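# Topology and contacts: notes
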Amino acid sequence: MTKNDKFKLTRRTLLTSAAGVATFAAAPRLFTPAIAQGAPLKVGMMLPYSGTYAKLGTFIDNGFKLYVEQKGGKLGGRAIEFVQVDDESKPEAATDNMNRIVGREKADVVVGTVHSGVAMAMVKVARDTNTLMIIPNAGANDATGAACAPNIFRTSFSNWQTCYPAGKVLFDAGVKNVATVTWRYTAGAEMIGAFTENFTKLGGKVVADLTVPFPEVEFQALIAQIASQKPDAVFSFFAGGGAVKFVKDYAAAGLNKTIPLYGAGFLTDGTIPAQGEAANGIKTTLHYADNLDNPANVAFLKAFKAKTNNDGDIYAVQGYDAAALLDIGLTAVKGDDKARDAMIKAMGDAKIDSPRGPLSFNKAHNPIQNIYLREVRNGRNEMISIAQAAVDDPARGCKIS
Ligand code: BEZ
């Protein structure tokens, strides 16, 4: 590594914050395992704080820290400190970033990330080093499928889980043929794959399978193809800045008046203020809706607004629940994370009263949760119905029994 590279990593990639203590110093700290319950537990937040998924990463971070603050800066009685890495949603840098957070920064637990490709590189390092990892967004099926491991948990979703129910939603709505459109990477392929699996099983037809490379936002060619193909509907996956641009471009071309746009809920979660009227009427499936009228959601949205002056969204909820899950594990072992087996057992058995509704975990440590059908109305994602209750990912290839 050149001096210049080192400077870039220190300045740009590694950021520092803390519930109690600021931790990152340019020099590696001496190896002093934090087994004493008095020593803070070091949580490595590896998230995108820049790029197309920057807002998603920031909301996860804020959701996690909100929960820790509500517990007085401690989980399971153990003080929490943070080290942050901006992964920039770049899979090519993910292994190095994860090695730094685990090896050099000596995080006891890693929370990350948003992008499926980055997450799979992190999963490999977590497996190799037996680091406890909680995924607060990335849906890569394999993370709780073929690559599942006792030390890997997810508080978000699998890509399959959010979109399989949508196949039936569209078919039941009378849609016979669909064009799909997404970014060309794991999340897009797996979400469109799950939708297609269910939709075609029921008798629907996918007439065009359109993609652009991640994180490109030049959608005009795709939109022209959709306009000439005239499918009954479009099913899509985009998120963050890309979702804002796609929804606006779709409406600007007038297609929202003639060809209904559906998608995975990421298309409109956390993005409606930037999409404006272009988002009206879009129907999506997701494990959250803004108007879920349960006490946990009402309290969460109020507290998140008070902390950040922003409306909470699914990313904030997933971060909040990641902290809740860690709290359950640490509480079971009175803060001693070295009592790993008991901690993992408590986390696997957790039943969380989440803002999204009931949340539990399957043997692969992926959430079992409701998937809601939502529609954008009144500037928010309002629940229309439960598209499929208590959806459990098939965990294909997972060997945990
Ligand atoms: C993913 O890459 O897994 C992903 C990114 C943003 C939203 C949803 C999923």
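A brief report on the enclosed structure follows. (Residues numbered from 1 in each chain as written. Predicted model: local features only at pLDDT ≥ 70, side-chain atom pairs only at ≥ 80, totals over all residues. Heavy atoms only, no water.)

## Some points on the environment of Leu 286
If you trace the backbone, Leu 286 turns up in strand β12 (residues 283–286). Taking the relative accessible area as the measure of exposure, Leu 286 reaches 0% and is therefore buried. Through-space distance from the C-alpha of Leu 286 to that of Asp 269 is 9.1 Å; in sequence the pair is 17 residues apart. (Helix = DSSP H or I, 4+ residues; strand = E, 2+ residues; numbered from the N terminus. Buried < 20%, exposed > 50% of the residue type's maximum accessible area, 1.4 Å probe, protein only.)

## Points about the state of the cysteines
Put plainly, two cysteines are in a disulfide when a covalent bond ties their sulfur atoms together. All chains considered together, the criterion is met by one disulfide. Note on cysteine connectivity: Cys 148 is disulfide-linked to Cys 398, with sulfurs 2.2 Å apart. A torsion of 85° about the S-S bond marks the disulfide between Cys 148 and Cys 398 as right-handed. Of this pair, Cys 148 sits in the loop between β6 (132–135) and β7 (152–154) while Cys 398 sits in the segment after β16 (380–392); the two residues are 250 residues apart in sequence, bridging distant segments of the chain. Like Cys 398, Cys 148 is buried. (Disulfide = S-S within 2.5 Å.)

## Focus: helix α2 (residues 54–70)
Working note: α-helix, 3.6 residues per turn, so residues spaced by three or four point in the same direction. Here α2 contains 17 residues, and its C-alpha end-to-end distance of 24 Å stays within 8% of the 24 Å for a straight helix at 1.5 Å per residue. Looking one or two places after α2, you find Gly 72, whose phi comes out positive at around 70°. (Expected span 1.5 Å × (residues − 1).)

## Some details on the site of the ligand
The ligand sits among 16 residues. The nearest are Val 114, His 115, Ser 116, Gly 139 and Tyr 185. Between the ligand and Ser 116, the relevant distance is 2.6 Å, taken from an oxygen atom to a side-chain nitrogen or oxygen of the residue. One of the side-chain N or O atoms of Tyr 185 is found 2.5 Å from an oxygen atom in the ligand. For the ligand, whose unbound accessible area comes to 260 Å², protein coverage reaches 100%. Each of domain 1 (41–157 + 293–365) and domain 2 (160–286 + 374–392) contributes no fewer than three residues to the shell around the ligand. (Near = heavy atom within 4 Å. Polar contact = N/O pair within 3.5 Å; in protein donor to acceptor, adjacent residues only side chain to side chain. Areas by Shrake-Rupley, 256 points an atom, 1.4 Å probe, with all protein chains shown as cover. Domains from an automatic or database assignment.)

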